[in-house]
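Listed below are the residues making up each chain.
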Amino acid sequence: MRVIGIETSCDESGVAIYDAREGLLAQRIYSQCSMHAEYAGVVPELASRDHVRRLLPLIAEVMRDARTEWAQVDGVAYTAGPGLVGALLVGAALGRSLAWSRGLPAVPVHHLEGHLLASLLESPAPACPFVALLVSGGHTLLVKVDRVGCYEIIGESLDDAVGEAFDKTATLLGLPYPGGPALEQLARSGDPSRFSFPRPMVDRPGLEFSFSGLKTFAANTVMEHRHDADQGRLRADVARAFQDAVVDTLAIKCRRALRATNLSRLVVAGGVGANRALRQRLTELARDEGGEAFFPRAEFCTDNGAMIAFVGCLRLQSGEWTRGGFDVRARWPLDSLEAIAPV
Ligand code: KG4
Ligand code: ZN
């Protein structure tokens, strides 16, 4: 079974082809981030229009890269939510039209399920059950994954998502959008001993997160030191203190989640999962706990079509697809999905 996947939930147009026997055949991502950079955030209408421009050429390129003709395609998967409705509609309209015109099934995919399962594209792939830490621009979740499609949310952020906190702190430090990768780079030259930022909510039991206070702490630190002669050093030291606090907080909650669920595998997903300090820390943590941490390659941590083609293929194999109607959803609870029958 061969499925083409289309991702347009935010500011990346992603297209990929996944084959159930041969694996990932081809994938391409077009990032709009330079277009949104001047606004320091995603402008939804610009995002939708750019998806319209990019998708058809991307699909043609991916078909060519995968040496695939339409006659070899068994289904068209597209991200149906959660995300920006206008952007989602572009992928859904194109995906459904292509499917209809070729007489193929169309498969709506949950964006967060795509992220959660992206590390199953890697080798070795984690086996279920596992604990997943999903850290993206819009979500911070700890999820107990008993099997594919069966997701129990065991912790989440009460306010900002981690990626959002990275982006806002990066803007405060004058870094270009999207801030996460730029902040990570700046933090490398920061002094870890100069500032100590709080580790939010670690001194009370539970798996909830809160990141909005950290961003405020960073703003206050910058303000207090606004007369420092070396503002470049200050920015690097604040970036380092912020990142250390985030990584520490996530690690503490991941350790708790592994112990609370009695599981040994930790799977990391979402854009912030590309952060090297976080990857290193969680790798060590899982090993300390007698388990193992799994990560998608960095380009599959952020939004991509490969994870959508992959989940689309799993769901189509288990007989799931829709015939009519547009079904994109800005909000869509992850734990409302159906478990996938083993194939
Ligand atoms: O998963 P993703 O591509 O999109 C959403 O579904 O939200 O995540 C994007 C987020 C952004 O907030 C971005 O700044 C953050 O992931 N991010 C990073 C890094 N790379 C991307 N944050 C920290 N360090 C990174 N290296
Ligand atoms: Zn995403």
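What you see is a predicted model; the values in this text were computed from it and never measured.

Draft legend 1. View of the nonpolar core. Formed by 62 residues in total, the largest nonpolar core has its most connected members in I4, I59, W70, L116, L117 and Y151. No other element matches the nine residues that helix α11 (residues 306-317) contributes to this core. Here this core gathers at least three residues from each of two domains, domain 1 (2-117 + 300-336) and domain 2 (127-295). In contact with L116, not counting residues within four places along its chain, are A132, L134, V143, V145, Y151, V267, A269 and L334.

Draft legend 2. Seen up close, the coordination of the zinc ion (ligand 2). H111 (NE2), H115 (NE2) and D303 (OD) make up the full set of protein donors to the zinc ion (ligand 2), lying at 2.0 to 2.1 Å. Site description for the zinc ion (ligand 2): donor spacing in sequence, H-x3-H-x187-D. You can see H111 sitting in helix α4 (residues 111-117) and its partner D303 sitting in the loop between α10 (298-301) and α11, a full 192 residues away along the chain. In this structure, H111 and D303 share a single accessibility class: buried.

Draft legend 3. The arrangement of the layout of surface pockets in detail. Space inside the largest pocket adds up to approximately 1,500 Å³. Lining the largest pocket we find 49 residues, and of these C10, S136, G137, G138 and D303 sit closest to its centre. Where the lining of the largest pocket is concerned, the elements lending two or more residues are β3 (23-31), α4, β8 (150-156), α5 (162-172), α6 (179-187) and α10. The biggest single contributor to the lining of the largest pocket is α5, with six residues. Counting only domains with at least three residues in the lining of the largest pocket, you end up with domain 1 (2-117 + 300-336) and domain 2 (127-295).

Basis of the calculations
- Residues numbered from 1 in each chain as written.
- Chains lettered and ligands numbered in written order.
- Predicted model: local features only at pLDDT ≥ 70, side-chain atom pairs only at ≥ 80, totals over all residues.
- Heavy atoms only, no water.
- Core = buried A, V, L, I, M, F, W, Y, C linked by side-chain atoms within 4.5 Å.
- Buried < 20%, exposed > 50% of the residue type's maximum accessible area, 1.4 Å probe, protein only.
- Helix = DSSP H or I, 4+ residues; strand = E, 2+ residues; numbered from the N terminus.
- Domains from an automatic or database assignment.
- Contact = heavy atoms within 4.5 Å.
- Donors = N, O, S within 2.8 Å, 3.2 Å for Na, K, Ca; no water.
- 1 Å grid on protein atoms, 1.4 Å probe; cavity = no way out; pocket = protein on both sides within 12 Å on 5 of 7 lines; lining within 4 Å.
- Points joined across faces, edges and corners; volume = space filled by probe spheres on them.

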